[in-house]
Amino acid sequence: MTQVRVRFAPSPTGTLHIGGVRTALYSYLYARQKGGKFILRVEDTDQERSTEESSAVIVESMRWLGLDWDEGPEVGGPCGPYFQSERLDIYREYAETLIARGAAYRCYATKEEIDAAREEHFERTGRKEGFRFESPYRDGKTPDDPNARHVIRFKAPTEGMTAWDDLIKGRIEIQHSTLQDFVLVRPDGMPLYNLACVVDDHLMGITLVARGDDHMINTVPQILLYQALGAEVPAFAHVPMVLAPNGQKLSKRHAAVGVLEYRDLGYLPDAVLNYLVRLGWSYGDQEIFTREELIEKFSWDRVGAQASRYDAAKFSYVQAEHLRMLGAEELARLSVPFFARRGVEVKADDPRLIAAIPYLKPRATTLDDLAEAALYFVVEEPEMDEKASKKFLTPAAAEELRFLIDTIKDVTPFDDGALSAAMEAALETAGKAMKSVAQPARVALTGRTRSPGLFEVMEVLGRETTIARLERAIARAEASES
Ligand code: GLU
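Residues numbered from 1 in each chain as written. Predicted model: local features only at pLDDT ≥ 70, side-chain atom pairs only at ≥ 80, totals over all residues. Heavy atoms only, no water.

This brings us to unusual backbone geometry. With an omega of -5 degrees, the peptide bond running from Gly80 to Pro81 counts as cis. Locating Pro81 in the fold gives a position in the loop between helix H2 (52-65) and helix H3 (88-100). Look at the link from Thr412 to Pro413: it is a cis peptide, with omega at -10 degrees. Looking at the element boundaries, Pro413 is found in the loop between helix H15 (395-408) and helix H16 (416-430). Backbone geometry places Glu74, a non-glycine residue, at a positive phi of 75 degrees. Of note, Glu74 is situated in the loop between H2 and H3. Judged by relative accessible area, which is 63%, Glu74 ranks as exposed. (Helix = DSSP H or I, 4+ residues; strand = E, 2+ residues; numbered from the N terminus. Buried < 20%, exposed > 50% of the residue type's maximum accessible area, 1.4 Å probe, protein only.)

This is how it looks when you write it as structure tokens:
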């Protein structure tokens, strides 16, 4: 059996869009499942629109997602180079071969001639559609000057049809009467997409081409090119678009569309992967998958043929589920940059951070939430919410906090269970209610009005820090106006 070889072939003209990533993901999962190769090829022949920054963003995005490629930029491989701009001679050679075989021709028609033919078509038919430029050079007309400005066109058939069995869309048949003699090489010698793509997919031994369904109009021209080159035609899978919730084209007006934006929001790569794969692919009603499960369970026949809509709420649900799957050590390590962003330096193995995470995890969605919720555990003195301080750290609260210190200071072990038991007994003896102690204590220990359970917070902070924070809050409360 031939080895599966699939590729992701982005054009470096912007960020790596989540819709594009979904196509890459499917190919990646398929390659990993079949023990095949996943190739990254940068299609940068459009010199006006391609940028090096964009190539770098694509590579960084793919690395962050863990979509490691077996051949491509940085890793090389036997079919390189993997940037199309470094393969121009190859495309020119293939264009010459096609001319030599009578499958392509040099067309010297000027823009004016083509416009005039279009005009004539409109007058004759009353329609703009259906125009097909019949170049006189197709049938052997020779130019006055062979060095004059010209393009290379493919000699497209005019009768019959071409069909393919798309792995997602089913059987597609296209009548040749709809085809133009499409351009392969521009006057400046630059190859156009169809030529470069087919030459590379052929030379790189690609067995299955997966790409966005906006490329379906290119598939018949490409199949004809393979045939003209005597090359084997790969399988095709055209992946539907990801639309905005309102059905429009998904853009940054609707959602974060660049993959790295999700990294910066504190999403996990496996959550992004899970959400994007599930968007348009299903496996019963299972929503949450690990990467390994996706590799095992993915199949093209379960990818829906219709466009799907981006759903931010669903995405954050999937993200939260993945956050909960990770252990405290790993989450601590991953959240370090989110503390740094807040000007707080914390070590990945900070014992307080690791101890706090199990209490914070159930309420966090992203790594950023986790860092925000954990701040008061890792700093010496929590930042005080002034409104909360004013409301709860009153002279009357000072007395409650002192009562709390007296109750807990010698409790051993200093943990949630022992602390709550001690407090319950003391409250009963004193005829007090937890309510009058709890909020001032929470503000004293965390600087905030919301946190995990009070005794859980104390357990993580430890005896010394707990008492120090309570003491400082008492001083503050006593100095406040009643
Ligand atoms: N460079 C094309 C794009 O980014 C690739 C299309 C394909 O995969 O064939 O849309």
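Let's pick the thread back up.
Neighbouring the ligand are Arg7, Ala9, Pro10, Ser11, Glu43, Tyr193, Cys197, Arg211 and His215. Residue His215 places a side-chain N or O atom 2.6 Å away from an oxygen atom belonging to the ligand. Here the ligand has 300 Å² of accessible area as a free molecule, and 81% of this is covered by the chains. Class assignment of the residues belonging to the shell around the ligand gives a composition of four nonpolar, two polar and three charged. (Near = heavy atom within 4 Å. Polar contact = N/O pair within 3.5 Å; in protein donor to acceptor, adjacent residues only side chain to side chain. Areas by Shrake-Rupley, 256 points an atom, 1.4 Å probe, with all protein chains shown as cover. Nonpolar A, V, L, I, M, F, W, Y, C, P; charged D, E, K, R; others polar.)

Structurally, the position occupied by Glu60 is in helix H2. Judged by relative accessible area, which is 37%, Glu60 ranks as partly exposed. Residues Glu60 and Leu260 lie 200 residues apart in sequence; the distance between their C-alpha atoms is 8.2 Å. Non-local contacts of Glu60, meaning those with residues more than four positions away in its chain, are made with Leu260 and Arg263. (Contact = heavy atoms within 4.5 Å.)

Time to look at the pattern of salt bridges. Evaluation of the coordinates by the stated rule reveals 36 salt bridges. For Arg41, the salt bridge identified is with Asp200, shortest N-O distance 3.7 Å. Here the residue Arg41 occupies a position in the loop between strand E2 (37-40) and H2, and Asp200 occupies one in helix H5 (residues 193-203), the gap between them amounting to 159 residues. Among the salt bridges present, the one from Asp201 reaches Arg41, with a minimum N-O distance of 2.8 Å. In this pair, Asp201 sits in helix H5 while Arg41 sits in the loop between E2 and H2, placing the two residues 160 residues apart along the sequence. On the basis of relative accessible area, Arg41 is assigned to the buried category, the value being 0%. Here the residues in one salt-bridge network are Arg7, Arg41, Glu43, Arg87, Asp200 and Asp201, joined through shared partners. (Salt bridge = Lys/Arg side-chain N within 4 Å of Asp/Glu carboxyl O.)

When two helices pack together, their arrangement is captured by the angle between the axes and the distance separating the axes. Closest axis-to-axis distance for the H15/H16 pair is 9 Å, and the angle between their directions is 125 degrees. Taken together, the axes of H15 and H16 lie oblique to each other. Note that H15 runs across H16; the crossing there is right-handed. In this structure, H15 contributes Phe403, Leu404, Thr407 and Ile408 to the contact, and H16 contributes Leu419, Ala422, Met423, Ala426, Leu427 and Ala430. When its residues are assigned to classes, the contact of H15 with H16 shows nine nonpolar, one polar and no charged. (Axes fitted to C-alpha atoms, helices over the stretch in contact; angles between N-to-C directions. Parallel < 35°, antiparallel > 145°, perpendicular 65-115°, else oblique. Left-handed = near helix turned anticlockwise from the far one by under 90°.)

Below, the discussion takes up helix H18 (residues 454-479). With 26 residues, H18 should cover 38 Å at 1.5 Å per step; its first-to-last C-alpha distance of 24 Å lies more than 12% under that length. Along its length, H18 reaches its greatest deviation from straightness, about 115 degrees, at Gly462. (Expected span 1.5 Å × (residues − 1). Bend = angle between axes of the 7 residues up to and from the residue.)

Counted under the stated rule, the structure contains 19 aromatic pairs. Aromatic side chains Tyr267 and Phe315 sit 5.0 Å apart centroid to centroid with 75 degrees between the ring planes, which places their arrangement in the edge-to-face category. On the criterion of sequence distance, the pair formed by Tyr267 in the loop between helix H7 (259-265) and helix H8 (269-278) and Phe315 in helix H10 (residues 312-325) is long-range, its members being 48 residues apart. Residue Tyr267 is classed as buried on the basis of its relative accessible area of 12%. Look at Phe315 and you get buried, because its relative accessible area is 0%. With a centroid separation of 6.1 Å and 35 degrees between ring planes, the pair formed by Trp281 and Phe298 is classed as tilted. Placement of the pair is Trp281 in the loop between H8 and helix H9 (291-297) and Phe298 in the loop between H9 and strand E11 (308-309), with a sequence separation of 17 residues. The same class applies to Trp281 and to Phe298, which are both buried. Among the aromatic residues, those joined into a ring-pair cluster are Tyr26, Tyr30, Trp281, Tyr283, Phe289, Phe298 and Trp300. (Phe/Tyr/Trp six-rings, centres within 6.5 Å; stacked < 30°, edge-to-face > 60°.)

Strands in a sheet are paired, the pairing made by backbone hydrogen bonds, and the direction either parallel or antiparallel. Spatial ordering of the open sheet is given by E3-E4-E7, a layout of three strands whose pairing is antiparallel. Each having just a single partner strand, strand E3 (104-107) and strand E7 (183-185) make up the two edges of the open sheet. With strand direction ignored, the average angle separating the axes of adjacent strands in the sheet is 40 degrees. Direction of pairing for strand E4 (residues 151-154) relative to E7: antiparallel, over a ladder of two bridges. Counted as the bridge partner of Ile152 is Val185 from E7. (Pairing = 2+ DSSP bridges.)

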